Amino acid sequence: MAPTNNSSPFYVTLKRALELRGTCLEDICPPDDQVARRVLHDYGAMFIGSDDILPPPLCVFSNEEQVTRFQKAAGRAAATIGDAAIELQPAAMSALLKARAAALAENLDITPRDGAEAARRSYADTVRLWNSRFLPALHHWTTAERLSQTQADRLCGLPVNEQVPEVLELEKEGIFFSKDLSKSVLYSIAAPGTSQHIAMLAFDANEFYDPKVREILARHGWFQTVLSDLPHFTFLGLSEAELPGRGLRRVEVDGQTFWIPDVA
């Protein structure tokens, strides 16, 4: 991973935001933890949102107790959409319901992808989802003889937090762990303890492909911020015009607009 550019727009904005919360970058994301810094670059938009939301105190949660404590502090609002009972931070839920009402008024809809999992997730959820990518990929690359059985067994035996850096190293050699085995696992599923869904600031929408739905969500503070994760929207509680000033840069991929940390 390239060295951190602390003078980049994202890091300048993040430093200011963290100071206002009485903390600093080293507290939430240790400089010697390359996985945490990679996660910050991929999922970090949530740390510079509006004052109506509570960002996580860590880039990487290490256990369920930490997640439970944070989610209690952030507060949870619940709603049922279709057959799914979802939970988000109160400001995020309010904005989502307003966006859905606006969509319904135009004969459109905004519905959760994969049920309740579209919104709040627990630490255990993130471990389970990690395994849904990690284990099949491990089997594939062992069968393809890119990894030996000894290597696979060793990886399986590691604690999950130690699996992540090993996987990222393998991906440098083209041994990818995403669902389609074509890109980094972090563009397919979050590393355990890092998901924006843990922060209750993410929502996966079935209607992500509809430009009108994306426009409505953006008007209500919801943006795509994770490259290659098309259904995934992040609540920032900001207008699109404010995003460049928060250290985010606009990237177009397959006709869809992503706002990602400008760490160049």
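These figures come from a predicted structure and were not determined experimentally.

1. Re the pattern of salt bridges
With the rule as written, the count across this model stands at 17 salt bridges. In this structure, Asp 109 engages Arg 100 in a salt bridge whose closest nitrogen and oxygen atoms are separated by 2.8 Å. Looking at Asp 109, the relative accessible area reads 23%, which means it is partly exposed. Put simply, Glu 215 and Arg 219 hold a salt bridge, and the shortest N to O gap is 3.4 Å. Residue Glu 215 and its partner Arg 219 are both found in helix α9 (residues 211-219); the two are separated by 4 residues, about one turn of the helix.

2. Some remarks on the environment of Phe 176
With respect to the helices and strands, the residue Phe 176 is situated in the loop between α8 (160-171) and β3 (202-204). Considered as a pair, Phe 176 and Leu 138 are 38 residues apart in the sequence and their alpha carbons are 9.4 Å apart. Discounting chain neighbours no more than four positions away, the residues touching Phe 176 are Ala 137, Trp 141, Glu 171, Leu 181, Ser 182, Lys 183 and Ser 184.

3. Points about the sheet that holds strand β5 (residues 232-235)
Taken in spatial order, the 3 strands make up an open sheet running β3-β5-β4, and their pairing is antiparallel. Edge positions in the sheet fall to β3 and β4 (222-223), since each has one partner strand and no second. Sheet analysis places β4 next to β5, joined by 2 bridges and oriented antiparallel. Pairing of Phe 223 across the sheet is with Thr 234, part of β5.

4. Structural notes on the side chain of Gln 89
Turning to its location among the elements, Gln 89 is positioned in the loop between β2 (84-88) and α5 (90-105). Side-chain polar atoms of Gln 89 contact the backbone oxygen of Leu 54, separated by 2.7 Å. With residues near it in sequence (within four places) discarded, Gln 89 still touches Ile 53, Leu 54, Phe 70, Ala 74, Gly 75, Ala 199, Met 200 and Leu 201.

Rules of the game
- Residues numbered from 1 in each chain as written.
- Predicted model: local features only at pLDDT ≥ 70, side-chain atom pairs only at ≥ 80, totals over all residues.
- Heavy atoms only, no water.
- Salt bridge = Lys/Arg side-chain N within 4 Å of Asp/Glu carboxyl O.
- Buried < 20%, exposed > 50% of the residue type's maximum accessible area, 1.4 Å probe, protein only.
- Helix = DSSP H or I, 4+ residues; strand = E, 2+ residues; numbered from the N terminus.
- Contact = heavy atoms within 4.5 Å.
- Pairing = 2+ DSSP bridges.
- Polar contact = N/O pair within 3.5 Å; in protein donor to acceptor, adjacent residues only side chain to side chain.

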